[in-house]
Amino acid sequence: MNLSVLHLVQSPERNYKWKDRLNSLTGHLNCRFLEWSGWYNQDIFQRLLGHYRLYQVFKAENNQSDKQVSLPLAYLVSYQASHSFKYWISSVMSIVYYTFSFGERYSPFHIEGINRILVNDQPVILLAFLQNADKDFSQALGIAVEQIASPDFVDKAKKQLTLIQQNNTYRYHHNENSSHYFNEYNTVQTSGNGIRGKEKGIFSKKQLLILFDLLSENNAIDKIDYSKPNKFESIAIMLQAVTGKSKNSIIEELKDTRRDGLYAFQNIGELNQLIITLTNLSDTFRIAGFRSIANKADKKLRELEIMKIF
């Protein structure tokens, strides 16, 4: 097996000697130790390798199993039986790490969460990976990672996850970010008709700028040139005419985008919010039948989900 496919940074300056040595272990005790120690939860590539190694051990120990059940499915059922306890251990470690690191995120728990969805809600991906990995591990790995990075990966729990992410992210923006973001999502807006909240179903200023970016990728309109701030007022007047939003608030959004980038984020909270923003755009245009725009949004979502994994 070519273990270089597990190297996240393909550079001769990075030394993967010890990582490759541990990843090459195939014995029963070795693989069990690496699994329970959390080694396979370093990243999603490692997690899939862990399943592959454990599956090979399972096949060697159960080659005379009931032929009515395929070996990949038998492995999955066996793994599910102990995963709840592993997830609990990882949860405890996450709390301990968070406490003693003064708020740092415990990355293995994030991968354990993805693994939980993989084995319980999206087992088809794992089963296909195990069936194809013996033929071409690199190809099977690439396909599985792409499927996990897709927004559809969490589709079954999408509504619950979105509500949780929105609540957590909005509170984060309230405490950490500028008043611009706070006003966008958490406070009432004043108009000529009095005081009201952000209208349901109305795109935010961020979503409008992303929409224009997606349209420009389809060559439907010209791309907004953020390098020319002298044009911001004219752009804001046009967007105000289209949406009714405040010209000054649109100008502030343009300035923020010029400084930080349209798809920039500083932490997992901002990344989650960006994913929610794009998901809403994608769903709205797909339902309306504008699939080309929805597909562009989905492509951006896949890129962001990959960043979330790492």
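Here the structure is a predicted model, which means the values were calculated and not measured. Starting from 1, residues in each chain are numbered consecutively following that chain's sequence as written. Per-residue local features are limited, in this predicted model, to residues with pLDDT of at least 70; the limit for side-chain atom pairs, both in listing and counting, is 80 or more; totals at the level of whole chains, interfaces and linings are taken over all residues. The side-chain quantities take in all heavy atoms of the structure and omit both hydrogens and water.

**A look at the overall build of the chain**
Our working definition: Strands are runs of DSSP state E lasting at least 2 residues, helices are runs of H or I lasting at least 4, and numbering of each runs from the N terminus. Here the term buried applies to any residue with accessible area under 20% of the maximum for its type, exposed to any over 50%, and partly exposed to those in between, with areas from a 1.4 Å probe on protein chains only. Contacts are residue-level and defined by heavy atoms, with any inter-residue pair within 4.5 Å sufficient.
Regarding its fold elements, the chain presents 14 helices and two strands. Residue burial in the chain is summarised as follows: out of 310 residues, 40% are buried. Sequence separation of at least 24 residues holds for 61% of the intrachain contacts in the chain that already meet a minimum separation of 6.

**Here's the deal with helix 3 (residues 44–61)**
Which entries qualify depends on this criterion: Each residue after the first adds 1.5 Å to the expected span of a helix. Pairing of N or O atoms within 3.5 Å defines a polar contact, subject to two protein rules: one partner must be a possible hydrogen donor and the other a possible acceptor, and residues neighboring in sequence count only if both atoms are side-chain atoms.
In this model helix 3 runs 26 Å from its N-terminal to its C-terminal C-alpha over 18 residues, within 8% of the 26 Å that 1.5 Å per residue would give. Counting buried residues along helix 3, 14 of its 18 residues qualify, which places the element largely inside the surrounding structure. Two or three places before Phe45, at the opening of helix 3, Asp43 has a side-chain oxygen 2.9 Å from that residue's backbone nitrogen.

**Concerning the pattern of salt bridges**
Let me state the cut-off plainly: The term salt bridge refers to a pairing of a side-chain nitrogen on Lys or Arg with a carboxyl oxygen on Asp or Glu at a separation within 4 Å.
Enumeration over the complete set of coordinates arrives at nine salt bridges. Between Arg286 and Asp298 there is a salt bridge whose closest N-O contact spans 2.1 Å. Here the residue Arg286 occupies a position in helix 13 (residues 268–287), and Asp298 occupies one in helix 14 (residues 291–309), the gap between them amounting to 12 residues. Salt bridges here are not isolated pairs; linked through shared partners, they connect Glu35, Arg47 and Lys86.

**Observations regarding the environment of Glu253**
When you line up the elements, Glu253 lands in helix 12 (residues 247–260). Classification of Glu253 as buried rests on a relative accessible area of 3%. Remark: the alpha-carbon pair of Glu253 and Ala236, spanning 17 residues in sequence, is separated by 9.4 Å.

**Quick word on the environment of Ala297**
Mapped onto the secondary structure, Ala297 falls in helix 14. Residue classification places Ala297 among the buried positions, given a relative accessible area of 1%. For Ala297 and Thr277, which are 20 residues apart along the polypeptide, the C-alpha to C-alpha distance reads 9.9 Å. Every residue in contact with Ala297, bar those within four places of it in the chain, is listed here: Leu214, Leu278 and Ser282.

**Here's the deal with the nonpolar core**
Inclusion rule: For this analysis, a nonpolar core means a set of buried residues of the types Ala, Val, Leu, Ile, Met, Phe, Trp, Tyr and Cys, connected via side-chain atoms within 4.5 Å.
Judged by nonpolar contacts, the single largest core of 37 residues is most densely connected at Leu48, Phe129, Leu141 and Ile148. Contributing elements (two or more residues each) for this core: helix 2 (28–37), helix 3, helix 4 (71–100), helix 5 (107–120), helix 6 (123–133) and helix 7 (137–149). Counting residues per element, this core draws most heavily on helix 3, at nine residues. Residues Ile210, Phe212, Leu254 and Leu274 belong to the second largest nonpolar core, which totals 28 residues.

**A word on the packing of helix 4 against helix 5**
Here is the rule: Angles here are taken between N-to-C directions and fall from 0 to 180 degrees, while the axes themselves are lines fitted to C-alpha atoms, restricted in helices to the stretch in contact. Note on angle classes: values under 35 degrees are labelled roughly parallel, values over 145 roughly antiparallel, values of 65 to 115 roughly perpendicular, and the remainder oblique. What makes a crossing left-handed is the near helix being turned counterclockwise from the far one by less than a right angle; a clockwise turn instead makes it right-handed. Asp, Glu, Lys and Arg are counted as charged, while Ala, Val, Leu, Ile, Met, Phe, Trp, Tyr, Cys and Pro are counted as nonpolar; the rest, among them Gly, fall into the polar class.
Where helix 4 contacts helix 5, the two axes come as close as 10 Å, and the packing angle between them is 155°. Viewed along their axes, helix 4 and helix 5 adopt a mutual orientation that is roughly antiparallel. Pair helix 4 / helix 5 crosses with left-handed handedness. Side by side, helix 4 and helix 5 meet where Leu76, Tyr79, Gln80, His83, Lys86, Tyr87, Ser90, Ser91 and Ser94 of the first sit next to Pro108, Phe109, Glu112, Gly113, Asn115, Arg116, Val119 and Asn120 of the second. Here the contact of helix 4 with helix 5 is composed, by residue class, of six nonpolar, eight polar and three charged.

**Looking at helix 11 (residues 232–243)**
So the rule is basically this: Think of the arc as the fan of directions from the helix axis to the C-beta atoms.
If you check helix 11, its first and last C-alpha atoms are 16 Å apart, about what 12 residues at 1.5 Å a residue would give, namely 16 Å. Residues Phe232, Ile235, Ala236 and Leu239 constitute the buried set of helix 11. Seen end-on, helix 11 carries its buried residues on one side only, within an arc spanning 100°. Packing partners of the buried residues in helix 11 comprise helix 10 (205–217) and helix 12. Immediately downstream of helix 11, the backbone of Gly244 shows phi near 85°, a positive value.

**Quick look at the packing of helix 3 against helix 5**
Running from N to C, helix 3 and helix 5 point in directions that differ by 50°, and their axes come no closer than 10 Å. Comparing the axis directions of helix 3 and helix 5 gives the class oblique. Here the hand of the crossing between helix 3 and helix 5 comes out right-handed. Across the interface between the two elements, Ile44, Arg47, Leu48 and His51 of helix 3 pack against Ile111, Ile114, Asn115, Leu118 and Val119 of helix 5. When the residues that make up the contact of helix 3 with helix 5 are grouped by side-chain class, the tally is six nonpolar, two polar and one charged.

**Focus on the confidence of the model for the chain**
The test is simple: As a per-residue measure, pLDDT tells how confident the predictor is, with possible values from 0 to 100.
With 79% of its residues at a pLDDT of 70 or more, the chain has an overall mean of 75. Predicted confidence is poor over residues 157–198, with pLDDT under 50, and the contacts of this stretch with residues over four places away or in other chains come to 48 contacts.

**Considerations on the environment of Lys86**
Mapped onto the secondary structure, Lys86 falls in helix 4. In the structure, Lys86 is positioned 50 residues away from Trp36 in sequence and 7.3 Å away in space, judged by C-alpha atoms. Excluding its chain neighbours within four sequence positions, the residues that come into contact with Lys86 are Glu35, Trp36, Tyr79 and Glu112.

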